[in-house]
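Listed here are the chains, written in short residue letters.
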Amino acid sequence: MQANTDKFSWFQVPEDIKNLLFLAAQNWENTSESEKYIQQALAQTGDNTDVLVAAYRYFYYKNNYSLALQTTIKLLDKIKEREKFPDDWEQLKPILVNRKEDPQIRLYLNAYAASGLVLANLGEIEQAKEISTKVKEIDEKNDFGARILLDILTRPVEEDD
């Protein structure tokens with residue numbers, strides 16, 4: 001089945017990959033079928049950021065948090081390598097602060113915040129708090145949602161009467 005993928009013009013991928021993503025969306029209700037298309041798109045594109053973002057969203061909304069996390073880590077690693085980011089947060093933080101309006105940096109911060117959300121869903125609360133705290137340090141406008149996640153993760157447990 002060939003789809004009209006013109007409406008997916010923002011994806012910087014070949015038409016056959018757009019078609020695979022379209023087929024995944026069309027077959028959403030059939031998880032095994034739709035995941036097959038996502039996996040094919042990933043296999044054929046390697047580390048294309050648009051496909052990694054689409055795959056992350058797919059896995060997240062299918063509640064497959066382990067694959068969502070794997071996909072997000074691939075995306076973070078790709079951007080980190082491309083931008084030659086340091087490993088140390090104290091060295092990385094000023095770079096992110098100074099360039100936070102750059103589309104690649106925004107993508108990195110979105111993906112990093114998303115990894116915190118996925119870790120929270122996987123029960124890795126301390127790691128999720130750590131990531132949310134780091135993103136919040138950079139994100140005074142709460143563009144990436146880290147403040148909200150951190151508030152949820154640190155909210156005191158309400159006692160029943």
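Keep in mind that what you see is a predicted model, and the values were worked out from it rather than measured.

The rules behind each value
Residues numbered from 1 in each chain as written. Predicted model: local features only at pLDDT ≥ 70, side-chain atom pairs only at ≥ 80, totals over all residues. Heavy atoms only, no water. Helix = DSSP H or I, 4+ residues; strand = E, 2+ residues; numbered from the N terminus. Expected span 1.5 Å × (residues − 1). Buried < 20%, exposed > 50% of the residue type's maximum accessible area, 1.4 Å probe, protein only. Contact = heavy atoms within 4.5 Å. Salt bridge = Lys/Arg side-chain N within 4 Å of Asp/Glu carboxyl O. Phe/Tyr/Trp six-rings, centres within 6.5 Å; stacked < 30°, edge-to-face > 60°. Core = buried A, V, L, I, M, F, W, Y, C linked by side-chain atoms within 4.5 Å.

A.B. asks: Lay out helix α1 (residues 15–26) with the relevant residues and their values.
C.D. replies: Over its 12 residues, α1 runs 16 Å from end to end, which matches the ideal 16 Å to within 8%, given 1.5 Å per residue. Among the residues making up α1, those that are buried are I17, K18, N19, L20, L21, F22, L23 and A24. Contacts made by the buried residues of α1 are with α2 (31–45) and α3 (49–61).

A.B. asks: An account of the pattern of salt bridges is requested, with residue identities and associated values reported.
C.D. replies: Opposite charge on two side chains permits them to pair, given that their charged atoms come into close proximity. This model, assessed by the stated rule, comprises 11 salt bridges. Between D143 and R106 there is a salt bridge, with the nearest N and O atoms lying 3.4 Å from each other. Taken together, the residues span a long stretch of sequence, with D143 in the loop between α7 (125–138) and α8 (146–154) and R106 in helix α6 (residues 103–121) at a distance of 37 residues. Here K129 ties to E126 by a salt bridge, and the two come within 3.3 Å at their closest N and O atoms. Taken together, the residues span about one helical turn, with K129 and E126 both in helix α7 at a distance of three residues.

A.B. asks: Any details on the packing of aromatic side chains? Residues and values, ideally.
C.D. replies: In total, this model carries eight aromatic pairs according to the counting rule given. Ring geometry for Y58 and F59: centres 5.4 Å apart, planes at 75°, overall edge-to-face. With relative accessibility at 5%, the residue Y58 sits in the buried group. Residue F59 is classed as buried on the basis of its relative accessible area of 1%. Judged by centre distance (5.3 Å) and plane angle (85°), the ring pair of Y60 and Y61 falls under edge-to-face.

A.B. asks: Describe in detail the nonpolar core, supporting the description with residues and values.
C.D. replies: Counting 49 residues, the largest nonpolar core has I38, F59 and L96 as the members making the most contacts within it. When contributions to this core are tallied by element, the ones reaching two or more residues are α1, α2, α3, α4 (65–83), α5 (89–98), α6, α7 and α8. No other element matches α6, which puts 11 residues into this core.

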